[in-house]
Every structure is written in C-alpha cells, then in structure tokens.
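Structural description and commentary
Residues per chain, in single letters:
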Amino acid sequence: MRIRSALKKMTSLQWFLFFLLLGLCLYALLLSWLRLSPLTHSPWDSYSLQAQAWLRGRLSLEQDYSYLELAYFKNKIFVSFPPVPSIFILPLVLIFGGKSPNTLLVVLYGLSSFIAAYALCRKLKLKDFQAAFWAFFLVFGSNLLECSLNGGVWYQAQALSFLFCLLSLLFLESKTGKKRSA
C-alpha cells in the first residue's frame, strides 16, 4: 500500500527522471554485456573521417578505406552518405581526433530521443506516468535501442534520423496545438 501511495504522489518530473535513469541503466547494462565502453570508436565511421577532412579544409578524403562505402569522382574520394551527422560528430573529432567516441554519440541520440518523445507525449496531454512510460517504450522498445549501441555510419544516421523525426513531430504539434487553442 505504501508503494502504491508513493507512486501516486510522484510528479511529472519524477516520472521523467525515473524513466530517463532507467534508460541510462539499460544502456550501461547492454554496453557492459557487449563489453563496450561509451567511449568506444566504431571503425565504420565515415562521418569522423569527413569531419577530419573538413577541419583540414577539404571536402574529399585523403585516402581510400576499402571497408567503407565511399564515392569516387574525378580521382577524389568522398563520403557517400549525407553530411548532416558529420556536423554533430565534429566537436568530438576536435577533442578526440580520428578515434571519436561515436558510441557515446549514438547513446546521446537515444537519450535525446527519449526527451523529445516525452515532450511530445506531454504536448499530446498524456498524464505524468503515461507520458514517461510511452516515451520510454517508443525509444527503448524499438529498433533504436539496437542502433544506439554501435557508432558505425549507418547506426549514427538511423539514430539521428529517429531523433529528428521526433523533433519534427514535437514542433509540428507545437504549431498545430497553438492553432487549435486559438
């Protein structure tokens, strides 16, 4: 009875923090189980290479990497993926160089997705526990969890895309929500 009473008294912030902490624990458990550190660098990271090239004032890479999907044009080598994730890894490349902790980046995308999903659920008028639960379920009960455990190029793009989709829904709801109330 005491537990049920305490749960009923939890505020929106407390539910949010509880599920955010649960997500952090889930990441810690899975990374430990996989014997990975959040500071792990995946070698399949074209975005770090692209950010390094940018910092040298170049658009093309200086060498070929046979294990990466690259584009070849007029005897130059380019990253074949859209460049947006390179913008987000750039600060880590400035600090860590070519061995940027891209696993940490995708974990941050996952946690940020939870925050965006929670904000969206609150905009949709879900109650305290419901908003936190469904945001947690959406992020950690989906394929995003697997994508946010590997800092490879494809996983970075997928995790960032998931976050951007949630943010676009959040901003769209903010805009349409104002029209409804007017």
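Given the structure is predicted, the values throughout are model-derived calculations rather than measurements.

Basis of the calculations
- Residues numbered from 1 in each chain as written.
- Predicted model: local features only at pLDDT ≥ 70, side-chain atom pairs only at ≥ 80, totals over all residues.
- Heavy atoms only, no water.
- Salt bridge = Lys/Arg side-chain N within 4 Å of Asp/Glu carboxyl O.
- Buried < 20%, exposed > 50% of the residue type's maximum accessible area, 1.4 Å probe, protein only.
- Pairing = 2+ DSSP bridges.
- Helix = DSSP H or I, 4+ residues; strand = E, 2+ residues; numbered from the N terminus.

In this section: the pattern of salt bridges. Evaluation of the coordinates by the stated rule reveals 2 salt bridges. Residue Glu62 is joined to Arg56 by a salt bridge in which the shortest nitrogen-to-oxygen separation is 3.8 Å. Taking the shortest distance from any N to any O, the salt bridge between Asp128 and Arg122 comes out at 3.0 Å. Assessed through its relative accessible area of 26%, Asp128 is described here as partly exposed.

Each regular strand carries side chains that alternate between the two faces of the sheet. Relative to strand E2 (residues 76-79), strand E1 (residues 70-73) runs antiparallel, the two sharing 4 bridges. Residue pairing in the sheet places Ala71 in a bridge with Phe78 of E2. As consecutive antiparallel partners, E1 and E2 are separated by 2 residues, and within that stretch Lys74 has a phi angle of approximately 50°, a positive value.

Attention now goes to the environment of Ser100. Within the element layout of this structure, Ser100 appears in the loop between helix H4 (84-96) and helix H5 (102-123). Sequence separation between Ser100 and Ser48 is 52 residues, and the spatial gap between their C-alpha atoms is 7.0 Å.

The quantities given are spatial measurements derived from coordinates; they are silent on function.
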